[in-house]
Amino acid sequence: MDGPILSVRNLTKIFSRRGQPDVTAVNDATFEVRPGECLGIIGESGSGKSTVAHMITRLLEPTAGQIFLDGEEITRLRGAGRRRLYQKVQMVFQTPVESFDPRRTLGDGVGESLENAGMSAAAVREEVARLLAVCGLPAEFADRYPHQASGGECQRAAIARAIAIRPALLVCDEATSALDVTIQRDVIGLLARLRRELAMACLFICHDIALVQDFCDRVLVMHRGRIVERGTPDEVIRSPREEYTKMLIDSVL
Amino acid sequence: MEEILCYDGTDICYNGVCAVHDARFSLRSGEILGIAGESGSGKSTLIKAAMGLLGPAGLVTRGDIRYKGKSLLALSREERRTINGAEIAMIFQNAGGSFCPVRTLGSQLFEAYAEHGGSSRDAFFRRAVEVLRKLRFPDAERILGSYPFELSGGMQQRAGIAAAMLSEPAVLLADEPTSALDVSVQKQVVEEMLLVRELYGTAIVIVTHNIGVLRKMADRVIVMKGGEIVEAGETRTVLEQPRQAYTKALMAAVPKLKR
């Protein structure tokens with residue numbers, strides 16, 4: 001069996017602000033994501049879920065610990081190294097419209113990574129149309145601006161952008177939380193299909209525990225920066241060991 | 001049971017564009033009515049209209065909205081002030097945003113209390129502490145002395161509900177009151193609203209896209225789509241045996257926890 005695509009060891013993030021007490025947002029987190037696997041992270045606001053995602057995608061500097069992608073340490077990658085990282089890891093955020101440059105078309109956004117990889121303008125255009133079609137959007141969306149598309153349409157375009165360079169790992173930070181449930185179901189269906197077709201691993205951060213149960217192979221429960229429980233969704237939801245997890249599951253109406 | 005709030009063929013438009021079409025339903029006294037639907041379905045518009053909160057662009061263009069038989073549409077400022085807050089109160093998704101950030105909750109609640117006829121600070125304080133205790137706040141005095149930012153989002157929302165209950169309105173309108181909250185806090189807010197009905201007999205309209213919240217709270221549910229009421233009935237019937245294709249699709253799309 002192959003090694004993990006993502007390996008996180010003792011990852012810690014402390015936010016320090018002058019005149020205020022330190023906040024330990026992530027405290028000694030250790031976990032792995034295997035190739036093609038979908039790992040969910042559940043927990044309440046402020047539990048550190050997004051901070052973990054931001055450190056993995058190098059949007060935040062870890063305070064301590066290590067992150068390995070496909071065996072290579074990426075904990076403190078900068079510049080060209082970090083750009084190379086984004087050929088393997090891509091991210092989908094909670095707010096689809098804001099994740100695009102408002103002054104550029106969705107097609108520009110989706111095709112940017114291909115352009116950077118040296119593809120010709122004509123080839124980029126063709127590939128963008130194909131990617132949009134894969135994500136269920138007509139080719140004309142390439143010429144639309146973010147404000148000319150709905151939240152669900154923008155999120156489909158954001159997924160098209162993320163899969164353009166065929167990443168080995170897709171990090172989804174509350175990627176469907178801002179969408180209506182019927183749209184959420186369609187986007188989840190799309191992500192499930194892409195995972196199968198591209199054999200892509202997924203780190204799926206979500207506060208909707210029922211959704212994680214449907215979509216993920218394994219799940220971590222975070223509470224106040226710590227991973228307090230882990231297992232398959234059914235193990236964690238049906239027979240939680242920690243008091244906190246029990247309380248969280250009991251709270252779902 | 002008495003029909004306390006009644007929508008009678010109501011159309012609501014913003015700048016001439018219809019957001020709600022031909023809404024017909026009643027809220028009975030002491031009842032909890034849920035309004036479900038997706039973004040843009042008109043569910044918030046529906047309850048804002050009863051409070052006169054549609055803004056300059058919004059207008060009820062047909063039909064009527066009546067509170068205890070009296071139309072709410074052509075109220076003078078003075079009449080509106082005797083109804084909003086005192087008879088019909090409203091809470092919003094972002095409770096923290098509906099409080100002034102630089103004044104304590106106590107001073108803001110006193111203002112609302114004074115607006116509806118109370119004048120003594122001592123009487124206000126006794127009344128506020130009584131309501132907060134009844135609603136099972138652990139530390140009523142501390143809450144009244146706090147600034148909004150000193151409270152968590154869930155506590156702000158609970159304080160918002162308590163503030164609304166100071167004048168014991170007959171109707172509480174709740175616009176997505178739990179949508180910004182974590183599940184554990186969401187449950188507390190839902191339980192507080194149920195307690196409000198138990199203690200004060202308040203009728204509640206809750207607008208939410210959260211089907212779990214409706215299941216827990218609502219006696220009856222209305223489902224809206226594109227400004228129209230597509231289905232209405234007992235909560236259990238609507239959620240478990242929906243008749244309309246849209247309601248079926250909506251229920252099928254809701255992820256359900258398999259315990």
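Residues numbered from 1 in each chain as written. Chains lettered and ligands numbered in written order. Predicted model: local features only at pLDDT ≥ 70, side-chain atom pairs only at ≥ 80, totals over all residues. Heavy atoms only, no water.

Focus: the overall build of chain A
For step 1, the next point in the chain: Of the regular secondary structure elements, chain A holds 9 helices and 10 strands.
For step 2, the next point in the chain: For 253 residues, the compact-globule estimate of 2.2 N^0.38 gives 18 Å, and chain A sits close to it at 18 Å.
For step 3, the next point in the chain: When its C-alpha atoms are laid out on the principal axes, chain A stretches across 55 × 45 × 40 Å.
For step 4, the next point in the chain: Taking all 253 residues of chain A together, the buried fraction comes to 51%.
For step 5, the next point in the chain: Long-range pairs, those at least 24 residues apart, make up 65% of the contacts in chain A between residues at least 6 apart in sequence.
For step 6, the next point in the chain: Entry remark: accessible area of chain A is about 11600 Å², with carbon and sulfur atoms responsible for 47%.
For step 7, the next point in the chain: Counting 32 positive and 34 negative side-chain charges, chain A places the centres of these two groups 5 Å from one another. (Helix = DSSP H or I, 4+ residues; strand = E, 2+ residues; numbered from the N terminus. Rg over C-alpha atoms; globule rule 2.2 N^0.38 Å. Buried < 20%, exposed > 50% of the residue type's maximum accessible area, 1.4 Å probe, protein only. Contact = heavy atoms within 4.5 Å. Areas by Shrake-Rupley, 256 points an atom, 1.4 Å probe, with all protein chains shown as cover. Lys, Arg positive; Asp, Glu negative; His and termini not counted. Charge placed at Lys NZ, Arg CZ, Asp CG, Glu CD.)

Comments concerning the interface of chain A and chain B
For step 1, the next point in the chain: Taken together, the contact between chain A and chain B spans 23 residues of the former and 20 residues of the latter.
For step 2, the next point in the chain: Surface buried jointly by chain A and chain B totals about 2100 Å² across both partners, of which 58% is contributed by carbon and sulfur atoms.
For step 3, the next point in the chain: Together, Asp180, Val181 and Leu253 of chain A form the three largest contributors to the area buried by chain A at its contact with chain B, with a combined 32%.
For step 4, the next point in the chain: Our count for the contact surface shared by chain A and chain B stands at 1 salt bridge.
For step 5, the next point in the chain: Here Asp214 of chain A makes a salt bridge to Lys258 of chain B, at a shortest N to O gap of 2.6 Å.
For step 6, the next point in the chain: Connecting chain A to chain B are 10 residue pairs in polar contact (both at pLDDT 80 or more).
For step 7, the next point in the chain: Counting only elements with at least two residues in the side of chain A that touches chain B, the list comes to α6 (181-198), α7 (209-215), α8 (233-238) and α9 (243-251) of chain A.
For step 8, the next point in the chain: Here the residues of the side of chain A that touches chain B are counted per class, giving 11 nonpolar, 5 polar and 7 charged. (Buried area = accessible area lost by both parts, 1.4 Å probe. Salt bridge = Lys/Arg side-chain N within 4 Å of Asp/Glu carboxyl O. Polar contact = N/O pair within 3.5 Å; in protein donor to acceptor, adjacent residues only side chain to side chain. Nonpolar A, V, L, I, M, F, W, Y, C, P; charged D, E, K, R; others polar.)

A closer look at the packing of aromatic side chains
For step 1, the next point in the chain: For the structure on display, the rule yields 6 aromatic pairs over all chains.
For step 2, the next point in the chain: Taking the centre distance of 4.7 Å and the plane angle of 55° together, the rings of Phe204 of chain A and Phe215 of chain A count as tilted. A residue pair is termed long-range when its members are at least 10 positions apart, and Phe204 of chain A in strand β8 (residues 201-205) and Phe215 of chain A in helix α7 qualify at 11 residues. You'll find Phe204 of chain A and Phe215 of chain A in the same group, each marked buried.
For step 3, the next point in the chain: Grouping aromatic residues by their ring pairs yields a cluster made of Phe110, Tyr113 and Phe124 of chain B. (Phe/Tyr/Trp six-rings, centres within 6.5 Å; stacked < 30°, edge-to-face > 60°.)

So, the pairing of strand β7 (residues 171-175) of chain B
Residue and element names in this part refer to chain B.
For step 1, the next point in the chain: Most of β7 is tucked away: 5 of the 5 residues are buried.
For step 2, the next point in the chain: Going residue by residue along β7, you find Val171, Leu173 and Asp175 tucked away on one face and Leu172 and Ala174 tucked away on the opposite face as well.
For step 3, the next point in the chain: In the sheet, strand β6 (residues 88-91) pairs with β7 via 4 bridges, with the strands oriented parallel. Within β7, the residue paired with Ile91 across the bridge is Ala174. (Pairing = 2+ DSSP bridges.)

Remarks on helix α3 (residues 105-115) of chain B
Residues and elements named next belong to chain B.
For step 1, the next point in the chain: Within the span of α3, buried status applies to Leu105, Gly106, Gln108, Leu109, Phe110 and Tyr113.
For step 2, the next point in the chain: Those residues of α3 hidden inside the fold are in contact with α4 (121-134), α5 (140-144) and α6 (153-165).
For step 3, the next point in the chain: Taken from the residues just after α3, Gly117 is the one with a positive phi, measuring 110°.

Things to note about the pattern of salt bridges
Residue and element names in this part refer to chain B.
For step 1, the next point in the chain: Inspection of the entire model under this criterion finds 42 salt bridges over all chains.
For step 2, the next point in the chain: Between Asp8 and Arg66 there is a salt bridge, with its nearest N and O atoms 3.2 Å apart. Within this pair, whereas Asp8 is found in strand β1 (residues 3-14), its partner Arg66 is found in strand β4 (residues 58-67), the two being separated by 58 residues in sequence.
For step 3, the next point in the chain: Asp8 gets classed as partly exposed once you look at its relative accessible area, which sits at 30%.
For step 4, the next point in the chain: A relative accessible area of 24% places Arg66 in the partly exposed class.
For step 5, the next point in the chain: Across the salt bridge formed by Lys134 and Glu130, the nearest N and O atoms sit 3.7 Å from each other. Of this pair, Lys134 and Glu130 both sit in helix α4, 4 residues apart, which is roughly one turn of the helix.
For step 6, the next point in the chain: Accessibility expressed as a relative area gives 38% for Lys134, which makes it partly exposed.

So, the packing of helix α3 (residues 106-116) of chain A against helix α5 (residues 151-163) of chain A
All names here are of chain A.
For step 1, the next point in the chain: Viewed as axis vectors pointing N to C, α3 and α5 meet at an angle of 20°, and their least axial separation amounts to 8 Å. Relative to α5, the element α3 lies roughly parallel. For the pair α3 and α5, the sense of crossing is right-handed. Listed contacts from α5 to Leu106, Gly109 and Val110 of α3 are Cys154, Ala157, Ala160 and Arg161.
For step 2, the next point in the chain: By residue class, the composition of the contact of α3 with α5 is 5 nonpolar, 1 polar and 1 charged. (Axes fitted to C-alpha atoms, helices over the stretch in contact; angles between N-to-C directions. Parallel < 35°, antiparallel > 145°, perpendicular 65-115°, else oblique. Left-handed = near helix turned anticlockwise from the far one by under 90°.)

Notes on the environment of Asp22 of chain A
Residue and element names in this part refer to chain A.
For step 1, the next point in the chain: As for its position among the elements, Asp22 is in the loop between β1 (6-15) and β2 (23-33).
For step 2, the next point in the chain: The exposure class assigned to Asp22 is exposed, which follows from its relative accessible area of 52%.
For step 3, the next point in the chain: For the pair Asp22 and Ala164, spaced 142 residues apart in sequence, the C-alpha to C-alpha distance is 39 Å.
For step 4, the next point in the chain: Not counting residues up to four positions away in its chain, the partners in contact with Asp22 are Ile14, Phe15 and Ser16.
For step 5, the next point in the chain: Reaching out from Asp22, the side chain makes a polar contact with the side chain of Ser16 at a distance of 3.2 Å.

Focus: the side chain of Gln155 of chain A
Residue and element names in this part refer to chain A.
For step 1, the next point in the chain: Tracing the chain through its elements places Gln155 in helix α5.
For step 2, the next point in the chain: Of the polar contacts made by the side chain of Gln155, one reaches the backbone oxygen of Ala175; its length is 2.6 Å.
For step 3, the next point in the chain: Those residues in contact with Gln155 that lie beyond four places of it in its chain are Val92, Phe93, Gln94, Pro96, Ala175 and Leu179.

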